[in-house]
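# A look at the structure
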Amino acid sequence: MKPYRRRASTLTARRTLRRRGAQPKVVALGGGMGLSASLAALRRITGDLTAVVTVADDGGSSGRLREELGVLPPGDLRKALAALCGDDDWGQTWARVIQHRFQSKGEINGHAVGNLLIVALWEQLGDPVQALDLVGRLLGAQGRVLPMSAVPLELQALVKGHDPERPDDVDTVRGQATVALTPGDVQSVHLVPNDPPAVPEAVEAVLDADWVVLGPGSWFSSVIPHLLVPELLDALAETKARKVLSLNLAPQPGETEGFSPQRHLEVLGRHAPKLALDVVLADEAAVPDRESLADAAKRLGAAVELAPVAGPDGSAKHDPELLAAAYDRIFRMHGRIGPWR
């Protein structure tokens, strides 16, 4: 992969040229299926949507490409692009194509078509942002997808009781795929390198947003990593955008097993103590102790919004229509700072 060329800031120009349309400018942070769920909802209520995606994945097809070619892991970026594909035949066909995985007895087994396409364009263009924009145009994506950093990152966690035979010991667990499934109690996570550069376009998107959405998703391996990139965290503190945190429907086996909704907020606050939020969104059926959640949200400066956002099948998956309705209500009711209403 060719060196990334840092661009001059276009923030002032883009603010000047912003269309005074009837929709909010939204940035969604996350990774994996949680971010995909959020994007599938948000694209129903705004066409001015940017996804900022974690780049610490080291498992599966992404991990193999990362190790072999030294590129950013493309998997979560691919999933975000697929979530932004339109509902017409073109969009749905391309969504299926880029998500398709080869099955063979050879080295291509398990690779996703979209991962190979993204990496090929990275090698051709030498610019991860330009390449992702080109893939987005090909797919007819209803929004933009950006990596949170231009360098591959390693996620490391301090885990108490990772070894069941040493329940009081704290060990370092390395790699996003391992952290996501680790037994024991995750105490904290950090990135290697510990001061990674943010992609300038991602920082500009956060600064220029009306709303920033964080979560849902794997808490330690997809949500919190964005807060560990100093330039992104600074942008989140500086932006005039309002910030909504979307909680998961259930704890994740492994990294957040046994977590209450309020504990999710507490660990996020420990990793970014200066970060203030405006709204915490949770499914009303997933909050057994509303008072404790409200207290935890208040410590982050946020109000709690409860809404039915779970899918009808009883799984821990958000329903895109219900989640879209919840986001739309929040955007309308909590500080109309933008020109869209």
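Residues numbered from 1 in each chain as written. Predicted model: local features only at pLDDT ≥ 70, side-chain atom pairs only at ≥ 80, totals over all residues. Heavy atoms only, no water.

### With respect to the confidence of the model for the protein
Reading fine detail from the predicted coordinates is not recommended where pLDDT is low. Residues with a pLDDT of 70 or more make up 91% of the protein, whose mean pLDDT is 89. When mean pLDDT is taken per element in the protein, strand β7 (residues 211-214) scores highest with 98 and helix α1 (residues 11-17) scores lowest with 36. The model gives residues 1-20 a pLDDT under 50, and that stretch makes 44 contacts with residues more than four places away or in other chains. This model gives residues 337-341 a pLDDT under 50, and the stretch forms 18 contacts once residues within four places in sequence are excluded. (pLDDT = per-residue confidence, 0-100. Helix = DSSP H or I, 4+ residues; strand = E, 2+ residues; numbered from the N terminus. Contact = heavy atoms within 4.5 Å.)

### Concerning the environment of Ala 83
Of note, Ala 83 is situated in helix α4 (residues 75-83). Its relative accessible area of 12% is what places Ala 83 among the buried residues. Between the C-alpha atoms of Ala 83 and Gly 217, which are 134 residues apart in sequence, the distance is 14 Å. Leaving out residues up to four positions away in the same chain, Ala 83 has contacts with Ser 36, Leu 39, Ala 40 and Arg 43. (Buried < 20%, exposed > 50% of the residue type's maximum accessible area, 1.4 Å probe, protein only.)

### Considerations on the packing of helix α2 (residues 32-42) against α4
At a minimum axis distance of 8 Å, the contact between α2 and α4 shows a crossing angle of 20°. Comparing the axis directions of α2 and α4 gives the class roughly parallel. Between α2 and α4 lies a crossing of right-handed hand. Here Gly 32, Met 33, Leu 35, Ser 36, Leu 39 and Ala 40 of α2 lie close against α4, whose contacting residues are Asp 76, Lys 79, Ala 80 and Ala 83. (Axes fitted to C-alpha atoms, helices over the stretch in contact; angles between N-to-C directions. Parallel < 35°, antiparallel > 145°, perpendicular 65-115°, else oblique. Left-handed = near helix turned anticlockwise from the far one by under 90°.)

### Some thoughts on the sheet that holds strand β2 (residues 48-53)
What the 7 strands build is an open sheet, ordered β3-β2-β1-β7-β8-β9-β10; its pairing is parallel. Sheet topology places β3 (144-147) and β10 (303-307) at the edges, where each strand pairs with a single neighbour. Sheet twist, expressed as the mean angle between neighbouring strand axes with direction ignored, is 20°. Pairing of strand β8 (residues 242-246) with strand β9 (residues 279-283), which is carried by 3 bridges, proceeds in the parallel orientation. (Pairing = 2+ DSSP bridges.)

### Side note on the packing of helix α6 (residues 113-125) against helix α7 (residues 128-139)
The interhelical angle for the contact between α6 and α7, taken along N-to-C directions, is 130°, at an axis separation of 8 Å. Accordingly, the angle class assigned to the pair α6 and α7 is oblique. When you trace α6 past α7, the crossing you get is right-handed. In contact with Leu 117, Ile 118, Leu 121, Trp 122 and Leu 125 of α6, α7 contributes Pro 128, Gln 130, Ala 131, Leu 132, Leu 134, Val 135 and Leu 138. Grouping the constituent residues of the contact of α6 with α7 by class yields 11 nonpolar, 1 polar and no charged. (Nonpolar A, V, L, I, M, F, W, Y, C, P; charged D, E, K, R; others polar.)

### Quick word on helix α14 (residues 320-333)
Over its 14 residues, α14 runs 20 Å from end to end, which matches the ideal 20 Å to within 8%, given 1.5 Å per residue. When we look at burial in α14, the residues that qualify are Leu 323, Ala 324, Ala 326, Tyr 327, Asp 328, Ile 330 and Phe 331. Elements that come into contact with the buried residues of α14 comprise β1 (25-30), α2, β7, β8, β9 and β10. In this structure Asp 319 caps α14, since a side-chain oxygen of it lies 3.0 Å from the backbone nitrogen of Glu 321. (Expected span 1.5 Å × (residues − 1). Polar contact = N/O pair within 3.5 Å; in protein donor to acceptor, adjacent residues only side chain to side chain.)

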